[in-house]
Amino acid sequence: MRSKTGAFLSSGSRWRSSTAFILITVTMGLFTDLFLWGVIIPILPFLLSDRLHIPPAEVEQNISWLLSSNSLGALLFSPIAGLLANKVRSKQILFLFGLGCLIVATVLLYLGRSMSALLVARAFQGTSGAIVWIVGQTICLETVGSARLGLTMGTIWSIISLGAQIAPVAGGTSYKYFGYAGIFWLSIALLSLDFITRLLILEQKHDKDSKVSDQEQQDSESSPLLTIRGENSPYAISPSSNPILLRMPFLFCLRDPALVTSLFATFVQATIFAAFDATIPVIAANTYNLDSFATGLIFLSLGVPEVMFGPVTGYIVDRIGTRIVAVVSWGLLGLTLIALALQDYQPHQQDDQVWRIAAFASFLTLSGTALTMTVAPTVAEAGIIVESYFKTNKGLFGDSTPYALLYGLNSGMFNAGFSLGPVLVAWLRPLLGYAGVYLLLAVFSFLVSFLSVAYFRIRAQPSS
């Protein structure tokens, strides 16, 4: 049996190293990470009250701490994961290590009977998330290149976002009918499938973006996303620059305002995601008296449009550039957040409860659509800038494009936003209500839209 298994794996080296299977494995890892993040969200109020006997007045604050501890673990480990992913040739070991952290987190969440145990579990979950996001995005960019990055990441984001939005429904349903054990065994089943794909992956042993011919480089630089800077590249790094900085050339990338804007946009994305996670369960339970199952359905209204608009947005970004898509999506997001804020000011009467729930779900659907549209231009812009620095300064960055360092920094910004979101809710909600929270997030959205106008790239005019 062992020899047959070995023969099967050996003969399957072609499909195990294929672009399709690599992307499937990355998608599965990201899907699992977001699913296990979201599966517990709608039951947190019930878990803290029924299992840990937290007083009702302290539930919302403890939910914020649990959400923040996940992001704090990811934030602290992101720089380490970025450095490791940039140094090691094989990323499969890092992928499996991240899965090990996720298994530990899942077991602790099931067995934990105190807030400290749950906080440690969420921190382990955040560590796993940092690894899978940094390594996964790096593999994607190395596999498909920047020319198809928008469509690739848009499609992957749609799939994993669907998992993130299905997760609350699955969590609420499992908890209602099978208790906490149902959620645990559902998580174990998904982790087992994820383990199989991570174990089978056979990485491609070349860096498509670092070892290209002069003709391929010329072709890639003539694409719409790479030529808008003009003939004289601003990415050149002078050999007479500070010797210390020349040893850390990635720091030069941070002088590009478009990259800084992209990182800030990532931070705002995560802040809004986390704010939704912290507010929707409480609004659903306290304002609309919904149970865990209905709360999961509310989350689903936020995520359904992501399946449709992720690939479409990515395709558009690959064709016309990042600026227009970023400006429109962030502007739309700001408007939907204002709509959510205004709904909080409306007088509440029992006889219009159904309409209020329908309006809340509708605005969340629009917000999910806009938030999905912000992902592709943000990721594509950052990847193209780093690639441009690498190609312009041959040898300075070593043998391979420092994508892992980029996504390590990107992951740090994302998790900083995920840490801020719940804290922002816990701080502002008692002072200004949910309306104040959503209005502040709208201001952030409009700010990113304005910065995108100033710094993101538009499609180059075709050469005559």
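Residues numbered from 1 in each chain as written. Predicted model: local features only at pLDDT ≥ 70, side-chain atom pairs only at ≥ 80, totals over all residues. Heavy atoms only, no water.

Colleague: Would you mind going over the overall build of the protein chain with me for this structure?
Modeller: The secondary structure content of the protein chain amounts to 17 helices and zero strands. Expressed as a percentage of its 464 residues, the buried residues of the protein chain come to 57%. Surface summary for the protein chain: the accessible area is close to 19500 Å², and the carbon and sulfur share equals 68%. (Helix = DSSP H or I, 4+ residues; strand = E, 2+ residues; numbered from the N terminus. Buried < 20%, exposed > 50% of the residue type's maximum accessible area, 1.4 Å probe, protein only. Areas by Shrake-Rupley, 256 points an atom, 1.4 Å probe, with all protein chains shown as cover.)

Colleague: What is the right way to look at the pattern of salt bridges in this model?
Modeller: If the charged atoms of two oppositely charged side chains come close together, the side chains can form a pair. Counted according to the given criterion, the structure contains two salt bridges. A salt bridge links D194 to R198, with the shortest nitrogen-to-oxygen separation between them at 2.7 Å. Here R198 and D194 lie together in helix α8 (residues 149-200), a separation of four residues that amounts to about one turn. The two residues D194 and R198 agree in class, both being buried. One salt bridge in this structure joins E387 and K391, with 2.7 Å as the shortest N-O distance. Residue E387 and its partner K391 are both found in helix α16 (residues 375-392); the two are separated by four residues, about one turn of the helix. (Salt bridge = Lys/Arg side-chain N within 4 Å of Asp/Glu carboxyl O.)

Colleague: Just checking my understanding: could you explain unusual backbone geometry for this structure?
Modeller: For residues besides glycine, phi is generally negative; the peptide bonds are generally trans as well. The phi dihedral of H53 is positive, around 60°, even though this residue is not glycine. On the secondary structure map, H53 appears in the loop between α4 (44-51) and α5 (56-87).

Colleague: Would you mind showing me how to read the side chain of S452 here?
Modeller: Relative to the elements of secondary structure, S452 occurs in helix α17 (residues 403-455). Reaching out from S452, the side chain makes a polar contact with the backbone oxygen of V448 at a distance of 2.8 Å. (Polar contact = N/O pair within 3.5 Å; in protein donor to acceptor, adjacent residues only side chain to side chain.)

Colleague: For this particular structure, what's the right way to read the confidence of the model for the protein chain?
Modeller: Low-pLDDT stretches of the model should not have their predicted coordinates read in fine detail. Per-chain confidence: the protein chain averages 77 in pLDDT, with 83% of residues scoring 70 or above. When the elements of the protein chain are averaged for pLDDT, helix α9 (residues 214-221) gives the smallest value, 43, and helix α14 (residues 323-345) the largest, 89. Taken as a whole, residues 205-231 scores under 50 in pLDDT and shows 58 contacts with residues more than four places along the chain or in a different chain. Segment residues 460-464: pLDDT under 50, and three contacts once partners within four positions in sequence are set aside and those in other chains are kept. (pLDDT = per-residue confidence, 0-100. Contact = heavy atoms within 4.5 Å.)

Colleague: Any chance you could explain the nonpolar core here in plain terms?
Modeller: Generally speaking, soluble globular proteins have nonpolar side chains that are buried together. One finds L48, I272, F276, L337 and Y438 to be the most contacted residues of the largest nonpolar core, which totals 125 residues. The element best represented in this core is helix α12 (residues 257-287), accounting for 17 residues. Those residues in contact with F276, other than ones at most four positions away along the chain, are P281, F299, L302, L337, L340, L364, S367 and Y438. Counting five residues, the second largest nonpolar core, distinct from the first, contains V317, V325, A376 and A380. (Core = buried A, V, L, I, M, F, W, Y, C linked by side-chain atoms within 4.5 Å.)

Colleague: Just checking my understanding: could you explain the packing of α5 against α12 for this structure?
Modeller: Each pair of packed helices can be described by the angle between their axes along with the distance between the axes. Remark: α5 packs on α12, axes separated minimally by 10 Å, with the N-to-C direction vectors making an angle of 150°. Taken together, the axis directions place α5 and α12 in an arrangement best described as roughly antiparallel. In this structure, α5 crosses over α12, and the sense of that crossing is right-handed. Mapping the contact onto sequence places E60, I63 and L67 in α5 and A274, D277, A278 and V282 in α12. Looking at the contact of α5 with α12, its residues break down into five nonpolar, no polar and two charged. (Axes fitted to C-alpha atoms, helices over the stretch in contact; angles between N-to-C directions. Parallel < 35°, antiparallel > 145°, perpendicular 65-115°, else oblique. Left-handed = near helix turned anticlockwise from the far one by under 90°. Nonpolar A, V, L, I, M, F, W, Y, C, P; charged D, E, K, R; others polar.)

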